Amino acid sequence: MTQQIEWVLILPQLPSEPSRHRVAVWRQLRRASAVPVSSGVWALPAGPAFQADLDRAGVLCRQGGGMLVVIDASPRDQASAAMIRDAFAAVRVDEWAEFTADCGRFEAEIAEEIQKRKFTFAELEEEEQSLDRLRRWYRDLKKRDVLELAEAKAADARLRACQSILDGYSEQVYQAVHRTVGGGGDLTDAAVPDALQDQDGPAA
């Protein structure tokens, strides 16, 4: 069954010059997840998840001496609804593809560090930061997933796989450090990331 989505049509009204205002509004509408459906006309799902970014586009229009016309839209037939839905879905699918590609790069990077046996805290912290960035990106994309696309579910599974891979790498770093300490190396708690300190329990 096709999901019913309420839409708004957005018509930015701005002077042709200076062009920087038109560019700023265009970029903000993209950020808001709006998609162009005709010359000068954008479409966006109606809902609170998109309102703040849409309001910001309106502010930018007024700063440029124009206005942002927003119209509630209800397609009259399935073909019209499909046209708007497909335009919106195509952009979201591209975004999810970019996200999963970045997950692949994350996985490959950890695989390379394992192959090199580069089990250092500095590298682990860098990978943790990369995973945090992926999580933030996923949350940003997910809030736009009003169509509940299959690509979003696949991306969720891919992100979970990245977490599992990082957990495995973290354990290898942990074991390598303990071998170093057991062999006479020197390591202070200050050099240990919080995540690994938590695994080992409080210092005695």
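Residues numbered from 1 in each chain as written. Predicted model: local features only at pLDDT ≥ 70, side-chain atom pairs only at ≥ 80, totals over all residues. Heavy atoms only, no water.

How should I be thinking about the packing of aromatic side chains in this particular structure?
Any pair of aromatic rings gets described here by the distance separating the centres and the angle formed by the planes. One pass over the full model with this rule turns up 6 aromatic pairs. Aromatic side chains Phe-99 and Trp-137 sit 5.4 Å apart centroid to centroid with 85° between the ring planes, which places their arrangement in the edge-to-face category. Of this pair, Phe-99 sits in helix α3 (residues 78–115) while Trp-137 sits in helix α4 (residues 121–142), placing them 38 residues apart in sequence. Of the two residues examined, Phe-99 and Trp-137, each falls in the buried class. Note on Phe-99 and Tyr-138: the rings are 6.0 Å apart at their centroids and 45° apart in plane angle, and the pair reads as tilted. Note that Phe-99 is positioned in helix α3 and Tyr-138 in helix α4, a separation of 39 residues in sequence. Across the pair, Tyr-138 and Phe-99 agree in class, each one buried. Of the aromatic side chains, those joined through ring pairs into one cluster are Trp-96, Phe-99, Trp-137 and Tyr-138. (Phe/Tyr/Trp six-rings, centres within 6.5 Å; stacked < 30°, edge-to-face > 60°. Helix = DSSP H or I, 4+ residues; strand = E, 2+ residues; numbered from the N terminus. Buried < 20%, exposed > 50% of the residue type's maximum accessible area, 1.4 Å probe, protein only.)

Could you clarify how one ought to interpret the sheet that holds strand β2 (residues 35–38) in this entry?
As a general point, the strands of a sheet are linked pairwise by backbone hydrogen bonds and lie either parallel or antiparallel. Reading across the sheet, the 4 strands line up as β2-β3-β1-β4 and stay open at both edges, with antiparallel pairing between neighbours. Single-partner strands in this sheet number two, and they are β2 and β4 (67–73). The average angle at which neighbouring strand axes cross in this sheet is 35°, direction not considered. Its contacts with the sheet put helix α2 (residues 48–63) on β1 (7–13), β3 (41–45) and β4, and the angle it makes with β4 is roughly 145°. Here α3 sits on the sheet and contacts β1, β2 and β3; the angle it forms with β2, its principal contact strand, is near 145°. (Pairing = 2+ DSSP bridges. Axes fitted to C-alpha atoms, helices over the stretch in contact; angles between N-to-C directions. Contact = heavy atoms within 4.5 Å.)

What am I meant to see in the state of the cysteines here?
Covalent bonding between the sulfur atoms of two cysteines is what defines a disulfide. Here the structure, examined in full by the defined rule, presents 0 disulfides. No disulfide involves Cys-103; its sulfur sits 4.0 Å from that of Cys-162, the nearest cysteine. Residue class for Cys-162 comes out buried when judged on its relative accessible area of 0%. (Disulfide = S-S within 2.5 Å.)

Whenever I open this one, the pairing of β2 confuses me. Can you help?
Pairing geometry for β2 and β3, over 3 bridges, is antiparallel. Bridging from a neighbouring strand, Pro-36 pairs with Trp-42 of β3. Where β2 folds back onto β3 in an antiparallel hairpin, the turn is made up of 2 residues, including Gly-40, whose phi is positive at roughly 75°.

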